[in-house]
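Spelled out from the first residue to the last, the chains are:
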Amino acid sequence: MEGYRYTLPYQVRIADINYGGHVSNAAVLHYFQDARIGYLKALGPYSELDLGEGCGVILPEAQLRYLAEMFLGEQLEIGVRVSEVRNSSWRMEYRIEREGKATAEGWTMLVCFDYALRKARRLPEPLREAITLWESAGGVEG
């Protein structure tokens, strides 16, 4: 997928479908999370619960935009990339494609959060470096 160095293949499941017969809003946010988890794993020993230095991820803001309906059984590709890194937060952008055509796009703002202290923390330097290296040097598909 052009512009996205990490992609995750995904087949639409029955649980993803709403009463309108297409993929629900909630399912798309789950797709974003699945891709985000894969991206973090590809960077190294990271997960949403462990970004290093005792912090995990908290998601204060998400936006998604549908471009086309998605249906049961369809094969999708979910791309994710980091577009901005701040002191304690970063923005991830997502794109979902079916046969090379976009069906949804969106972004999430993520914060490095210390769950023991219940407050935001600076991004651990090893994570910051891994993101920078990944986004500048390229990655692989999930």
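Please refer to the structure higher up on the page.
Residues numbered from 1 in each chain as written. Predicted model: local features only at pLDDT ≥ 70, side-chain atom pairs only at ≥ 80, totals over all residues. Heavy atoms only, no water.

**Q** Which residues make up unusual backbone geometry, and what values go with them?
**A** Residues other than glycine seldom take positive phi values, yet Glu 53 does so here, at roughly 55 degrees. One can find Glu 53 in the loop between α1 (25-43) and β2 (56-66). Of note, the phi angle at Arg 118 is positive, near 60 degrees, even though the residue is not glycine. (Helix = DSSP H or I, 4+ residues; strand = E, 2+ residues; numbered from the N terminus.)

**Q** I'd like to hear about the packing of aromatic side chains, residue by residue, with values.
**A** For the coordinates displayed, the defined rule picks out 5 aromatic pairs. Between the aromatic rings of Tyr 10 and Tyr 31, the centroid separation amounts to 4.5 Å while the plane-to-plane angle is 45 degrees, which identifies the pairing as tilted. Linking Tyr 10 in strand β1 (residues 6-11) with Tyr 31 in helix α1, this pair joins segments that are 21 residues apart in sequence. Taken individually, Tyr 10 and Tyr 31 each receive the classification buried, so the pair is uniform in this respect. Three or more aromatic residues joined by ring pairs form one cluster here, namely Tyr 6, Tyr 39 and Trp 134. Residue placement shows Arg 81 over the ring face of Tyr 4; its charged tip is 4.2 Å from the ring centre. Residue placement shows Arg 91 over the ring face of Trp 107; its charged tip is 4.2 Å from the ring centre. (Phe/Tyr/Trp six-rings, centres within 6.5 Å; stacked < 30°, edge-to-face > 60°. Buried < 20%, exposed > 50% of the residue type's maximum accessible area, 1.4 Å probe, protein only. Lys NZ or Arg CZ within 6 Å of the ring centre and 35° of its normal.)

**Q** Break down helix α2 (residues 125-137) for me, with residues and values.
**A** In a regular helix each residue adds 1.5 Å, so 13 residues correspond to 18 Å; α2 covers 18 Å between its end C-alpha atoms and thus fits that length. Taken residue by residue, α2 has Leu 127, Arg 128, Ala 130, Ile 131, Trp 134 and Glu 135 as its buried positions. Viewed end-on, α2 has its buried residues packed into an arc of 165 degrees, placing them on one side of the element. Among the exposed residues of α2, those pointing more than 90 degrees away from its buried face are Leu 133, Ser 136 and Ala 137. Tucked inside the fold, the buried residues of α2 contact β1, α1 and β3 (75-85). (Expected span 1.5 Å × (residues − 1). Arc of directions from axis to C-beta. Contact = heavy atoms within 4.5 Å.)

**Q** How would you summarise the state of the cysteines if you had to cite specific residues and measurements?
**A** One pass over the structure, following the stated rule, counts 1 disulfide. A sulfur-sulfur distance of 2.4 Å marks the disulfide that ties Cys 55 to Cys 112. What sets the handedness of the Cys 55 and Cys 112 disulfide is the S-S torsion sign, and at about -65 degrees it is left-handed. Here Cys 112 lies in strand β5 (residues 101-114) and Cys 55 lies in the loop between α1 and β2, a separation of 57 residues in the sequence. On the basis of relative accessible area, Cys 112 is assigned to the buried category, the value being 0%. (Disulfide = S-S within 2.5 Å.)

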